[in-house]
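Secondary and tertiary structure notes
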Amino acid sequence: MSKTGGCLLAVLVVLACSVVPVLVAPARAATEAEANSASSSAAAHRKAERDRIAREREALTARRQQEEAVCYQRFAVEDCLRGVRVKARETHDRLRAQEIELNDAERREKAAERLRAIEDKQTAVPPAAKRAEAQLRKPAADPDAAKVQRDTEAHQRAQQLNSRAQAQATEQATRAAANADRAAQSRVKHEQALQAAEERRARVEKSRADALAQGRKPAAPLPAPAASEPTR
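All of the points below concern the structure found in this document. Every residue gets a number counted from 1 within its own chain, in the order that chain's sequence is written. Selection of residues for local features in this predicted model requires a pLDDT of at least 70, selection of side-chain atom pairs for listing and counting requires 80 or more, and totals for whole chains, interfaces and linings are taken over all residues. In computing side-chain values, all of the structure's heavy atoms are included and hydrogens and water are not.

**Overview of the overall build of the protein**
The helix count covers DSSP runs of H or I at least four residues long, the strand count covers runs of E at least two residues long, and both are numbered beginning at the N terminus. Regarding its fold elements, the protein presents four helices and zero strands. Mapped in sequence order, the helices and strands of the protein form the string α-α-α-α. Counting all 232 residues of the protein, 12% fall into the buried class. Contact definition: two residues touch when any of their heavy atoms are within 4.5 Å. Taking all contacts inside the protein whose residues are at least 6 apart in sequence as the whole, residues at least 24 apart take part in 69%. By element, 57% of the accessible surface of the protein is carried by carbon and sulfur atoms, the whole surface being about 18,400 Å². For each residue, the accessible area found with a 1.4 Å probe, counting protein chains only, is set against the maximum for its type, and the residue is called buried under 20%, exposed over 50%, and partly exposed in between. Only the protein chains shown count as covering a residue, and every accessible area follows the Shrake-Rupley method with a 1.4 Å probe.

Below, the structure written as structure tokens:
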């Protein structure tokens, strides 16, 4: 498929996907209206139930106070008070259970509303339309840019290889210079040792000659120094 044909196909997909929300919008609006109406009814019911629970609690408190006042006029005060309080606690627990049930229902309804809002946001733009729009916005691949990128990478690799080769050559030259310097120092030391030995021999020979001239017994000649090879 040519580039022009692909663009036309993407445009058609975008247009088709744009029409779908228009057709679905009335049905979605009706569904949302029904959900809102049901939510309002449930909220009104919960408010009425909470008001009833509050009234029953107030009545329970007043009735308990009256019954406790009657207990104080009887002989078995503690038993009477215990019975009144047990009955009041049972009524209080029943009202509390009803209140907890209302709170749980409200939490579930709010969670459902949040989930519905998230789903509405996700379905506001169909995925096909998003993909088609992204395809239209996506720039076409540039062969010249790709070639420039490849050439740049090849040049960088060549520079790295050249740098490594130069570093190796420098290291080898440094080692060779160090070896030559050590060899030169060894030769100098060897020559100095030979010269010192020659000077000692000359002094001994002169001493022997002087002794012979004066009629004294000359000293034994020094042994010839062993020649050592210079270090390479």
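**Comments concerning the side chain of Glu109**
Tracing the sequence through the fold places Glu109 in helix H2 (residues 77-122). Beyond its immediate sequence surroundings of up to four residues, Glu109 is in contact with Ser39, Ala42 and Arg46.

**Structural notes on helix H4 (residues 143-213)**
Residue count minus one, scaled by 1.5 Å, sets the expected span of a helix. With 71 residues, H4 ought to run about 105 Å at 1.5 Å a step, and its terminal C-alpha atoms sit 105 Å apart, in line with that. Phi for Gly215, located one or two positions after H4, is positive at around 80 degrees.

**Overview of the nonpolar core**
Ranked by size, the top nonpolar core spans five residues in total: Cys71, Val77, Cys80, Leu81 and Val84. Top contributing element to this core by residue count: H2, with four residues. Ignoring sequence-local partners within four residues, the contact set of Val84 consists of Arg64, Glu67, Glu68 and Cys71. To define a nonpolar core, start from buried Ala, Val, Leu, Ile, Met, Phe, Trp, Tyr and Cys residues and group those joined through side-chain atoms within 4.5 Å.

**Describing the pattern of salt bridges**
Salt bridge, as used here: a side-chain nitrogen of Lys or Arg that lies within 4 Å of a carboxyl oxygen of Asp or Glu. Counting across every chain of the model gives 19 salt bridges. Between Arg96 and Glu99 there is a salt bridge; the shortest N-O distance is 2.8 Å. On the criterion of helical spacing, the pair formed by Arg96 and Glu99 is a turn pair, its members being three residues apart in helix H2. Looking at Arg96, the relative accessible area reads 37%, which means it is partly exposed. Here Arg175 ties to Glu171 by a salt bridge, and the two come within 3.0 Å at their closest N and O atoms. With Arg175 and Glu171 both in helix H4 and four residues apart, this pair spans about one turn of that helix. In this structure Arg175 comes out as partly exposed when scored by relative accessible area, which is 45%.

**Section: H2**
Each α-helix turn comprises 3.6 residues. Residues three or four places apart therefore point the same way. Relative to the 68 Å expected for 46 residues at 1.5 Å per residue, H2 spans 67 Å between its end C-alpha atoms, a close match to the ideal helical length. For H2, the set of buried residues is Val77, Cys80, Leu81, Val84, Ala88, Thr91, Leu95, Glu99, Leu102 and Glu109.

**Some details on the environment of Arg57**
Locating Arg57 in the fold gives a position in helix H1 (residues 3-71). Taking C-alpha positions, Arg57 is 7.7 Å from Leu95, a pair spaced 38 residues apart along the chain. Excluding its chain neighbours within four sequence positions, the residues that come into contact with Arg57 are Leu95, Arg96 and Glu99.

**Focus: the state of the cysteines**
Any two cysteine sulfur atoms within 2.5 Å of one another count as a disulfide. Taken as a whole, this structure holds one disulfide when the rule is applied. In this model Cys71 forms its disulfide with Cys80; the gap between the sulfur atoms is 1.8 Å. Between Cys71 and Cys80, the S-S dihedral sits near -65 degrees, and the bridge is therefore left-handed. The same class applies to Cys71 and to Cys80, which are both buried.

**Thoughts on the side chain of Arg46**
Looking at the secondary structure, you find Arg46 in helix H1. Taking relative accessible area as the criterion, Arg46 reaches 9% and is therefore assigned buried. Beyond its immediate sequence surroundings of up to four residues, Arg46 is in contact with Leu102, Ala105, Glu106 and Glu109.

Take it as geometry only, folks, not as evidence of what the structure does.
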